[in-house]
Amino acid sequence: MEVNPPKQEHLLALKVMRLTKPTLFTNIPVTCEEKDLPGDLFNQLMRDDPSTVNGAEILMLGEMLTLPQNFGNIFLGETFSSYISVHNDSNQVVKDILVKADLQTSSQRLNLSASNSAVAELKPDCCIDDVIHHEVKEIGTHILVCAVSYTTQGGEKMYFRKFFKFQVLKPLDVKTKFYNAESDLSSVTDEVFLEAQIQNITTSPMFMEKVSLEPSIMYNVAELNSVNQAGECVTTFGSRAYLQPMDTRQYLYCLKPKKEFAEKAGIIKGVTVIGKLDIVWKTNLGERGRLQTSQLQRMAPGYGDVRLSLEAIPDTVNLEEPFHITCKITNCSSERTMDLVLEMCNTNSIHWCGISGRQLGKLHPSSSLCLALTLLSSVQGLQSVSGLRLTDTFLKRTYEYDDIAQVCVVSSAIKVES
């Protein structure tokens, strides 16, 4: 009868522990009214309990710290830390000890060991300690693989490994919306507004340390999440920057093309990559997490072949007194030269001053020209500037521009502030 040899016990023991911050001790208060049988007994016991907060004994949250009792949750963007210890449980010296820690994800295998060199020897009751850190960048199942190899006094090479599986969860739900700034249906500006909705989908409050937008190379960004009060910049979210579980906060940003790109309408027209969000938060006792979104993309606005934009226009004008505006006309085509004719059509309230039907000349692809125009209004109130027509004589195509802008028309007896 064949007998299997007994399995040899390893001389070394491996222990792996996750390193996390402690938590505040929670106490379940037991109290009653004074007219009940125990009287003030329960309240007095809580006041004498060293784990309760002095003066707020009935609160569940105490002032003592407790060590973690379980593995806990790990969220995307946080740093996973673990303590690895190899102890010599035998009574003999072990040589050439090599401890290796790898993290296996769904897409890659990462080496987290601080050193890949072997320890020459390990005496009885001695240990080798190592602390590993890794910023978690993937959602899903992660497996920490710890492998130990060594040589016994008899020259036998030994090897064993252990697996520790854990899940990485999503901490935030980020939704974005893009708005291409428009003054009306016929005029589209180059400004882009980004609304970012950030929701805390964990079970604990978050301190939002930073939420910023890193724009692409063609844009400058302005944050619209603060207001100026008495010369001081104050956040619109109030003095408390905490985001409670399942709460959502909206951030707003305005992107404007840089000067060197703003003059090239054909380039800006096709830009879809705007930038990426950088989010930094802290939880519990200061554990820091960081997420950076992928490049955010928007639908490019349609300018058509010819784009008309306003460079200058007064806010308030006098009744029946001429005022001036400056228009910018851009050929958005990248191949075709245009020969443009400008026509000006009066409306019931707005009247154009000047010659209608004049030739503007040839406008080459992706180039612009500025026009200074004069108008007057015969009606008071908020009036819309309309009635511009551009005709391309090459294609016999006419482009109509109405509701370009609005001006406030007041009586000439009222002084218009500059």
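Residues numbered from 1 in each chain as written. Predicted model: local features only at pLDDT ≥ 70, side-chain atom pairs only at ≥ 80, totals over all residues. Heavy atoms only, no water.

If you look the protein up in an unreviewed UniProt entry, it shows as Trafficking protein particle complex subunit 13 from Vicugna pacos. Of the comments in the UniProt record for the protein, the one headed Sequence similarities (unreviewed entry) reads "Belongs to the TRAPPC13 family." The protein has a UniProt comment under Subunit (unreviewed entry) that states "Part of the multisubunit TRAPP (transport protein particle) complex." (UniProt positions renumbered as here; feature names shortened; annotations may be inferred.)

Across its full length, the protein carries three helices and 33 strands. Within the span of the protein, comprising 418 residues, buried residues form 37% of the whole. By sequence separation, contacts in the protein at least 24 residues apart represent 70% of the contacts at least 6 residues apart. With an accessible surface of roughly 24400 Å², the protein has 52% of that area assigned to carbon and sulfur atoms. (Helix = DSSP H or I, 4+ residues; strand = E, 2+ residues; numbered from the N terminus. Buried < 20%, exposed > 50% of the residue type's maximum accessible area, 1.4 Å probe, protein only. Contact = heavy atoms within 4.5 Å. Areas by Shrake-Rupley, 256 points an atom, 1.4 Å probe, with all protein chains shown as cover.)

This paragraph deals with the packing of aromatic side chains. Applying the stated criterion across every chain yields a total of three aromatic pairs. Measuring from ring centre to ring centre gives 4.8 Å for F80 and F166, while their planes differ by 25 degrees; the resulting arrangement is stacked. In this pair, F80 sits in strand β5 (residues 79-88) while F166 sits in strand β11 (residues 157-169), placing the two residues 86 residues apart along the sequence. On the basis of relative accessibility, which here comes to 2%, the residue F80 falls in the buried class. (Phe/Tyr/Trp six-rings, centres within 6.5 Å; stacked < 30°, edge-to-face > 60°.)

Right, let's get into the pattern of salt bridges. Scanning the entire structure with this criterion turns up ten salt bridges. Among the charged side chains, a salt-bridge network with shared partners connects K100, D102 and R109. (Salt bridge = Lys/Arg side-chain N within 4 Å of Asp/Glu carboxyl O.)

Here we take up unusual backbone geometry. Positive phi outside glycine occurs at D125, with the angle close to 65 degrees. Secondary-structure assignment places D125 in the loop between β8 (119-122) and β9 (127-135).

With that out of the way, let us pick up the sheet that holds strand β26 (residues 338-344). Pairing is antiparallel across the open sheet formed by four strands, whose spatial order is β28-β26-β31-β32. Because the sheet does not close on itself, it has two edges, and the strands there are β28 (358-363) and β32 (397-401). Strand-to-strand twist across the sheet, computed as the mean angle between neighbouring axes with direction ignored, equals 25 degrees. Bridge analysis of β26 against β28 gives five bridges, and the strand direction is antiparallel. Looking at the pairing, L340 lines up with G361 of β28. (Pairing = 2+ DSSP bridges. Axes fitted to C-alpha atoms, helices over the stretch in contact; angles between N-to-C directions.)

A few words now on the nonpolar core. Core analysis: the biggest nonpolar cluster contains 49 residues, and L12, I97, L144, Y150 and M208 have the highest contact counts within it. Take this core: its biggest share by element is five residues, from strand β6 (residues 94-104). Summarising the domain contributions, this core has at least three residues from each of domain 1 (12-20 + 70-169) and domain 3 (172-300). When residues no more than four places from it in sequence are discounted, the contact partners of M208 are I198, A241, L243, R249, Y251, I279, V280 and W281. (Core = buried A, V, L, I, M, F, W, Y, C linked by side-chain atoms within 4.5 Å. Domains from an automatic or database assignment.)

The next subject is the environment of T337. Inspection of the secondary structure puts T337 in the loop between β25 (323-331) and β26. Residues T337 and S367 lie 30 residues apart in sequence; the distance between their C-alpha atoms is 9.5 Å. Ignoring any residue separated from it by four or fewer positions in sequence, one finds T337 in contact with N331, K362, L363, H364, P365 and F394.

If you trace the three strands from one edge of the open sheet to the other, you get β1-β5-β9, paired in antiparallel fashion. The sheet is open, and its two borders are formed by β1 (12-18) and β9, each paired with just one other strand. When strand polarity is set aside, the average angle formed by the axes of neighbouring strands in this sheet is 15 degrees. One ladder, built from nine bridges, connects β5 with β9; its direction is antiparallel. Pairing of T79 across the sheet is with E135, part of β9.

Looking now at the confidence of the model for the protein. Taken as a whole, the protein shows an average pLDDT of 83; of its residues, 89% reach a score of 70 or greater. Predicted confidence is poor over residues 1-6, with pLDDT under 50, and the contacts of this stretch with residues over four places away or in other chains come to zero contacts. Within the model, the stretch residues 183-188 combines pLDDT values under 50 with 17 contacts to residues more than four positions away or in other chains. (pLDDT = per-residue confidence, 0-100.)

Moving on, we get to a nonpolar patch on the surface. A cluster of nonpolar side chains, contributed by L24, L61, L65 and L285, occupies part of the molecular surface with about 340 Å² of accessible area. Relative to the assigned elements, L285 resides in the loop between β20 (273-283) and β21 (287-292). (Patch = residues over 30% accessible without salt bridge, like charges linked within 9 Å, V, L, I, M, F, W, Y side chains within 5 Å.)

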